[in-house]
Amino acid sequence: MLVLGIESSCDETGVALYDTGRGLLGHAVHSQVAMHEAYGGVVPELASRDHIRRLIPLLRGVLTQAGAHKGDIDAIAYTAGPGLAGALLVGASFAESLAQALGVPALPVHHLEGHLLSPLLADAPPPFPFVALLVSGGHTQLMRVTAVGRYELLGESLDDAAGEAFDKTAKLLELGYPGGPALAELAQRGGPSRFRLPRPMLNSGGFDFSFSGLKTAVLTAARERSLTEGEKADLAWEFQEAVTEVLATKAFAALDHCRLDRLVVAGGVGANRRLRERLDAAAAGGRPHVFYPALDLCTDNGAMIAFCGAQRLLQGERPAGTGAFGIRPRWPLQELAGA
Ligand code: KG4
Ligand code: ZN
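### Some thoughts on the coordination of the zinc ion (ligand 2)
Every protein donor of the zinc ion (ligand 2) is listed here as H111 (NE2), H115 (NE2) and D300 (OD), and their distances to the metal cover 2.0 to 2.1 Å. In this structure, the zinc ion (ligand 2) is coordinated by 4 donor atoms arranged in tetrahedral fashion, with angles at the metal of 93 to 130°. Given the relative accessible area of 1%, H115 is considered buried. Look at D300 and you get buried, because its relative accessible area is 13%.

### Some points on the site of ligand 1
The local shell around ligand 1 holds 19 residues, among which H115, G137, D167, G268 and N272 are the closest. Here an oxygen atom of ligand 1 sits 2.7 Å away from a polar atom, N or O, in the main chain of G137. Between ligand 1 and the protein, one listed contact pairs an oxygen atom with a backbone N or O atom of G268 at 3.0 Å. Burial of ligand 1 by the protein chains amounts to 84% of its free accessible area of 560 Å². Contributing elements (two or more residues each) for the shell around ligand 1: α4 (111-117), α5 (162-172) and α6 (179-188). Grouping the amino acids of the shell around ligand 1 by side-chain chemistry returns 6 nonpolar, 11 polar and 2 charged. Built from parts of two domains, the shell around ligand 1 gets at least three residues from each of domain 1 (2-116 + 298-335) and domain 2 (128-292).

### Thoughts on the environment of G230
Here G230 lies in helix α8 (residues 229-258). Sequence-wise, G230 and R189 are 41 residues apart; in three dimensions their C-alpha atoms are separated by 7.9 Å.

### Comments concerning the packing of aromatic side chains
Counted under the stated rule, the structure contains 4 aromatic pairs. An angle of 20° between the planes, with centres 5.8 Å apart, marks the rings of F209 and F211 as stacked. Across this residue pair, the class does not change: F209 and F211 are buried. In this structure, R276 packs its charged tip against the face of Y292, placed 4.3 Å from the ring centre.

### Side note on the side chain of S8
Assignment of secondary structure puts S8 in the loop between β1 (2-7) and β2 (12-19). Assessed through its relative accessible area of 1%, S8 is described here as buried. At 3.2 Å, the side chain of S8 forms a polar contact with the backbone nitrogen of G91. When residues no more than four places from it in sequence are discounted, the contact partners of S8 are H51, A87, L88, V90 and G91.

### Remarks on the sheet that holds strand β7 (residues 140-147)
With respect to topology, 5 strands assemble into an open sheet ordered β8-β7-β6-β9-β10, the strand pairing being mixed. Each of the sheet's edge strands pairs with one partner strand only, and the pair in question is β8 (150-156) and β10 (289-291). The sheet shows a mean angle of 25° between the axes of neighbouring strands, taken without regard to direction. Relative to β7, strand β6 (residues 130-135) runs antiparallel, the two being bridged by 6 bridges. What sits directly across from V135, in β7, is T140. The strands touched by α8 within the sheet are β6, β7, β8 and β9 (262-266), with β6 carrying the most contacts at an inclination of about 155°.

### Observations concerning the nonpolar core
Membership of the largest hydrophobic core comes to 61 residues, with the highest contact counts inside it found for L4, I6, V15, L17, I76 and Y151. Looking at this core element by element, the count peaks at 8 residues for helix α10 (residues 303-314). Counting residues domain by domain, this core receives three or more from each of domain 1 (2-116 + 298-335) and domain 2 (128-292). Leave out the neighbours within four places in its chain, and I76 touches L4, I6, A95, L98, A99, V104, P105, A106 and L107. Core analysis: the second largest hydrophobic core is formed by 46 residues, L227, V246, C258 and Y292 among them.

### Quick word on the domain arrangement of the protein chain
Many analyses report the size of an interface as the accessible area lost when the parts associate. Here the protein chain is partitioned into domain 1 (2-116 + 298-335) and domain 2 (128-292). The gap between the C-alpha centroids of domain 1 and domain 2 is 27 Å. Listed per partner, the contact involves 19 residues of domain 1 and 21 residues of domain 2. When the two sides are added together, the surface that domain 1 and domain 2 hide from each other amounts to roughly 1600 Å², 68% of it contributed by carbon and sulfur. Broken down residue by residue, the surface that domain 1 buries against domain 2 is led by L112, L116 and C298, which jointly contribute 37%.

Procedures and definitions
- Residues numbered from 1 in each chain as written.
- Chains lettered and ligands numbered in written order.
- Predicted model: local features only at pLDDT ≥ 70, side-chain atom pairs only at ≥ 80, totals over all residues.
- Heavy atoms only, no water.
- Donors = N, O, S within 2.8 Å, 3.2 Å for Na, K, Ca; no water.
- Tetrahedral: all angles 85-135°; square planar, octahedral: opposite > 155°, others 65-115°.
- Buried < 20%, exposed > 50% of the residue type's maximum accessible area, 1.4 Å probe, protein only.
- Near = heavy atom within 4 Å.
- Polar contact = N/O pair within 3.5 Å; in protein donor to acceptor, adjacent residues only side chain to side chain.
- Areas by Shrake-Rupley, 256 points an atom, 1.4 Å probe, with all protein chains shown as cover.
- Helix = DSSP H or I, 4+ residues; strand = E, 2+ residues; numbered from the N terminus.
- Nonpolar A, V, L, I, M, F, W, Y, C, P; charged D, E, K, R; others polar.
- Domains from an automatic or database assignment.
- Phe/Tyr/Trp six-rings, centres within 6.5 Å; stacked < 30°, edge-to-face > 60°.
- Lys NZ or Arg CZ within 6 Å of the ring centre and 35° of its normal.
- Contact = heavy atoms within 4.5 Å.
- Pairing = 2+ DSSP bridges.
- Axes fitted to C-alpha atoms, helices over the stretch in contact; angles between N-to-C directions.
- Core = buried A, V, L, I, M, F, W, Y, C linked by side-chain atoms within 4.5 Å.
- Buried area = accessible area lost by both parts, 1.4 Å probe.

See below:
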């Protein structure tokens, strides 16, 4: 079964073809970073218009990569939420109308479920059950995953998500947009210094997170006096230490709590090198075992959406096929639990 995946929830247009027998056959992403850069963040209306421009050329490219034709597509999966309403509508209407034209089912997919299952696209995927650490721009969650569609929330951020904290702190340090990767790069040039930031909720005993205070602590440190480039790097280093220490500690505590020894990391912050270093160091010796998506599948992409849709179809899920569809800009992942 050949499944086309369409992702357009934010500032990346992703299109991919996943075959349930042969795996990922084609995958392309267009990032809108250059377009939004001048504004210091995502401009929703510009994002929607750009998704419209990109979808057809990306689809053509992916069909060529896969050596396939439109008529070979058996189903279309698209991100129906959460995300920017206008951006989601572009992908949803594109997917639903193409599905009507081809006479194939269109399946709305939850963006976070896509991230969550993306490590299963690897050559040696983790078997169920596992604990998932989902760290994206909008969400930070720890989940016990027992099967496709079976997600139990263990804890989540009570305020800013980890990626959001990276982005906001990067803005404070005038690193521009998108901030996360830029801050991580700056941190590589820094090291231990007089800066000491809190490790929020590290010893709370539960699995919730709080990252908004860190950004304020960085602001206070940065306001004391104007920072040299070296001091900025040291502050970025300390910030990254604080976030990754809390994430890694809680992820391993969640494994203990669930008596599981497989951790799956997904979402944009999963690309962070220091986070991977910490998790791998703690998992040295092979137990627990930590699984990551390929780096290009950590951030938003169509492959995870195609894969997620394929899993749901394999489980027997069938869309109503009425041609009516909706999007869910706000859509808690827990609503899928047990679905
Ligand atoms: O999963 P994602 O592509 O989009 C959402 O669904 O939110 O995640 C994007 C987030 C952004 O906040 C970005 O700054 C962060 O992931 N990010 C990183 C790194 N690469 C992306 N944060 C820290 N270090 C990185 N290397
Ligand atoms: Zn995402």
